[in-house]
Amino acid sequence: MEKTFAQLGVSDYILQALHEQGVSAPTKVQLEGIGPLLAWKDVIAKAPTGTGKTFAFGIPMIEHIEKDNDTLQGLILAPTRELALQIGEELRGLLTHREDVRVAVVYGGQRMEPQIKALKAKPQILVATPGRLMDHYNRKNLRFDKIKTVILDEADRMLDMGFFDDVTAILNRIKNRVNLGLFSATISQEVMTVSWMYQRNEVEITVAATEESKPDIDQYSITVPRLEKLTAVLRILRSGAFERVIIFCNTKAMCQRLSDDLRREGIHADCLHGDIKQSTRERTMASFRHGKLPVLIATDVASRGIDVDDVDGVINFDVPDENEYYVHRIGRTGRALRKGIAFTIIGSFPEKAKLDEIAKFAEFSITPMIFDEYGCLIPAPEEEKPHTRRKF
C-alpha cells in the first residue's frame, strides 16, 4: 500500500491546503522525492511534465523554513518567466494556512523596482530565472549566505537555453547549501555535468512516461497544401468541439501572423512569444487560464510555462524542430486524467518526414486524417505499397 502525504511527514497545514485543492494522494515523483528532500539529501529526478514535480520539491522546502527567520533560505531556478510565475502560484497555494512564510518571484522582462520591493519584504523562498537573479545579486539586492536548499526545475531546458554559466556561477556563490535538487524531463549531458559537479550521494528518481503520468491523448496529422494550413485550423476551431485550444508555431513571426489572421476571421485569439511585453504576456495568460480567451497561440518558449489543466486540444501549426518539443507541446492537453486531442498540420514532405521521426522517437501512434468534400475529418486512405518489378 502506497504512503499518504501524512505518512511522508507532511505538516497539517499543508495537508489542509492539499485537501482544499482536491489533491488526495501523492504521485510517484512526490512519493520518492519528498522523503529524501526532507532528509536534506540531494535528488536528481527525471519525470515528464504534469507529474507533480512542483509539490515534490516545494513541500520539503516549505517544511524546512525556520520560524522567526526572515532570511532567504530556499531558492528555485526556472528557465522561463512563465514557469517561475507558475511555481510561485503553486507554492503560495500550499501556504494558504501559514502566513509567516513569504514567496517572491523575480524574472527578466519586468521592471526592477517591483522586484526590489518584493525582496525588501524579506522572502524566505525565492523563485527566479538565472539571469535576473544574478542581476539582483550583483546589485546587492539579496544575499545567498543563508540559502540551504537549491532546486533546478526543468533543468534540461534551462541548461539547453544557455544558462549553464549562470547556474554554475550561482551554485558556486551559495557556500552554505545543504542539498540540491535537479528536476528534469530528460537527463541531458549538461544536467549530468551539474549533478557530477555539485551533488553527492544523490537519490535518483525516474518516472517513465509509460506509467500513470502518460496522458491520454488522441493524436492526428492532417496533410494539406502549405497555403491551406490556415483553412485547416479554421475548420478545426469552427467545428465547435473545443472550448480552449493552444496552437503552436515554430517562430515568433508565424505566431504573430497566425494570431492576426485568426482575429480577422472572427476567432477570439491571442499570442504568447518572447517579443511581447511581460505585462501583456501575463494578462494574456490570465485570460486564457480563466477561460476568457479560447485560443492561445504560442512558441515553444511557452510550451512548459503554461499550466492549465483543462485545455481541450493542441494544434501544431508547424511541425516542431526538436522531437522533445512535440512531447512538451501535446502535454498541454490530456492533463488531470482528462482525455486530450492533438492535431499536427503537415504542409510539405519534409514536415511529414519530421513527424514520422517524432512518432518513432516517442513511440506515439499518430493517425493520418484528411478533410472530405464537406470539410469533415475522416481517416486518410492507407498508402499503397509500391509494386516490385521482377527481373528476368
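Since we're looking at a predicted model, the values are computed, not measured.

What follows is about the pattern of salt bridges. Using the criterion set out here, one finds 18 salt bridges in the structure. Because the salt bridges share partners, they merge into one network encompassing Lys229, Asp318 and Glu351.

So, about helix H2 (residues 28-38). Turning to H2, its buried residues are Val29, Gln30, Gly33, Ile34, Pro36 and Leu37. Elements in contact with the buried residues of H2: strand S1 (43-46), helix H3 (53-64), strand S6 (179-184) and strand S7 (203-206).

Okay, the confidence of the model for the chain next. Averaged over all residues, the pLDDT of the chain is 88; the fraction at 70 or higher stands at 92%. Low pLDDT, under 50, characterises residues 384-392; the stretch is placed with zero contacts to residues that sit more than four places away or in other chains.

In this section: a negative patch on the surface. Together, Asp160, Glu190, Asp321 and Glu322 make up a negatively charged patch on the protein surface. Here Glu190 shows up in helix H8 (residues 189-198). The class of Glu190 is partly exposed, set by a relative accessible area of 34%.

What follows concerns the packing of aromatic side chains. Within this structure, the stated rule accounts for five aromatic pairs. Taking the centre distance of 6.0 Å and the plane angle of 55° together, the rings of Tyr326 and Phe364 count as tilted. Residue Tyr326 is found in helix H12 (residues 323-330), and its partner Phe364 is found in the loop between helix H13 (349-362) and strand S14 (366-371); the two are separated by 38 residues along the sequence. Each member of the pair, Tyr326 as well as Phe364, carries the same accessibility label: buried. One residue, Arg244, lies across the ring of Phe288, its end atom 5.7 Å from the ring centre.

What follows covers the nonpolar core. Of all hydrophobic cores here, the largest spans 37 residues; its most connected members are Ile59, Ile76, Ile125 and Phe183. Of all the elements in the fold, those that place two or more residues in this core are helix H1 (12-20), H2, S1, H3, helix H4 (81-94), strand S3 (103-106) and strand S4 (125-128). With six residues, H3 is the single largest residue contributor to this core. What Ile76 contacts, discounting residues up to four positions off in sequence, is Phe57, Met61, Ile87, Leu91, Ile125, Leu126, Val127, Ala128 and Ile151.

With their axes 9 Å apart at the nearest point, helix H6 (residues 130-138) and helix H7 (residues 155-173) run at an angle of 30° to one another. Regarding the angle of H6 to H7, the classification is roughly parallel. At the point where H6 passes H7, the crossing takes the left-handed sense. Residue-level contacts link Pro130, Gly131, Leu133, Met134 and Tyr137 of H6 to Met158, Phe163, Asp166, Val167, Ile170 and Arg173 of H7.

Rules and cut-offs
Residues numbered from 1 in each chain as written. Predicted model: local features only at pLDDT ≥ 70, side-chain atom pairs only at ≥ 80, totals over all residues. Heavy atoms only, no water. Salt bridge = Lys/Arg side-chain N within 4 Å of Asp/Glu carboxyl O. Buried < 20%, exposed > 50% of the residue type's maximum accessible area, 1.4 Å probe, protein only. Helix = DSSP H or I, 4+ residues; strand = E, 2+ residues; numbered from the N terminus. Contact = heavy atoms within 4.5 Å. pLDDT = per-residue confidence, 0-100. Patch = residues over 30% accessible without salt bridge, like charges linked within 9 Å, V, L, I, M, F, W, Y side chains within 5 Å. Areas by Shrake-Rupley, 256 points an atom, 1.4 Å probe, with all protein chains shown as cover. Lys, Arg positive; Asp, Glu negative; His and termini not counted. Charge placed at Lys NZ, Arg CZ, Asp CG, Glu CD. Phe/Tyr/Trp six-rings, centres within 6.5 Å; stacked < 30°, edge-to-face > 60°. Lys NZ or Arg CZ within 6 Å of the ring centre and 35° of its normal. Core = buried A, V, L, I, M, F, W, Y, C linked by side-chain atoms within 4.5 Å. Axes fitted to C-alpha atoms, helices over the stretch in contact; angles between N-to-C directions. Parallel < 35°, antiparallel > 145°, perpendicular 65-115°, else oblique. Left-handed = near helix turned anticlockwise from the far one by under 90°.

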